[in-house]
Amino acid sequence: MFEIHNNMTDDRIDEIGENHVGTSATTPLRADAFDISDEEKIAKIQESVKDILITLGMDLTDDSLQGTPKRVAKAFVNELFMGLNPKNKPKASTFDNNYKYGEMLVEKNIIVYSTCEHHLLPIIGRAHVAYISNGKVIGLSKMNRLVEYFAKRPQVQERLTMQVVQAMQEALGTDDVACVIDAKHLCVNSRGIKDIESSTVTAEFGGKFKNKETKREFLDYIKLNTTFD
């Protein structure tokens, strides 16, 4: 079993968590992240969840709770954090732009279900993704699936926004990609400051979307009354 060497003070830990500060532009993964199978991960997580519940004082002999450790473990590996495993990355099928469509294409209101990596609480919102073809187009559903893939891991919203754009740029062979995400963080809404109304908006603009006119056209498409200079 690997060891965690924590050289941060409690104050620094709280500072990063309470301010929701991301420290890495890429998902922090160990080199041995996939040395064991999903089945082995489920078994290990199941025991860990059982220990947590017992420590909290829960009676795991109750019919309602007996299966909770395994349910949580399976949800972690197969659903909530399935985007950690590269084998689950959707194939971003592209096609020739035979009809010569030259304007921006916008897929808006893509549902985002992610998990804050600071408190492991939900991030829920919508992503708006756009690109301008450079000779290739991508299947519409693949845009949704790419958002889902990168969302299904412990995340910070800024990183998620960047990862979606980078994956689209790689698939399409163009820098002309943009993504805006508007989401609620339950670590803000349900604990800490407990502000149930606030949401977080992040944006990543590449290529032509850095132009103010193109950027504004995109924001008008998604009806987001926000200025990103």
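Look above for the structure.
Predicted model, so just to flag it, every value in this text is computed and none were measured.

Draft legend 1. Broad picture of the environment of Tyr131. For Tyr131, the location among the structural elements is in strand β3 (residues 122-132). Relative accessible area serves as the criterion here: at 2%, Tyr131 is assigned to the buried category. Residues Tyr131 and Gly207 lie 76 residues apart in sequence; the distance between their C-alpha atoms is 9.6 Å. Every residue in contact with Tyr131, bar those within four places of it in the chain, is listed here: Glu103, Met104, Leu105, Lys136, Val137, Ile138, Met143, Met168, Leu172, Asp176, Val177 and Phe209. Within the structure, Tyr131 has its side chain in polar contact with the backbone nitrogen of Ile138 (distance 3.2 Å).

Draft legend 2. Quick peek at the side chain of Arg153. Structurally, Arg153 is set in the loop between α5 (140-151) and β5 (154-155). Among buried Asp, Glu, Lys and Arg side chains, Arg153 stands out as unpaired, with Glu117 the closest opposite charge at 8.8 Å. At 2.9 Å, the side chain of Arg153 and the side chain of Thr27 are in polar contact. Leave out the neighbours within four places in its chain, and Arg153 touches Thr27, Leu80, Phe81, Gly83, Leu84, Ser114, Thr115 and Gln163.

Parameters and conventions
- Residues numbered from 1 in each chain as written.
- Predicted model: local features only at pLDDT ≥ 70, side-chain atom pairs only at ≥ 80, totals over all residues.
- Heavy atoms only, no water.
- Helix = DSSP H or I, 4+ residues; strand = E, 2+ residues; numbered from the N terminus.
- Buried < 20%, exposed > 50% of the residue type's maximum accessible area, 1.4 Å probe, protein only.
- Contact = heavy atoms within 4.5 Å.
- Polar contact = N/O pair within 3.5 Å; in protein donor to acceptor, adjacent residues only side chain to side chain.
- Lys, Arg positive; Asp, Glu negative; His and termini not counted.
- Salt bridge = Lys/Arg side-chain N within 4 Å of Asp/Glu carboxyl O.

None of the figures reported here should be taken as evidence of function without further support.
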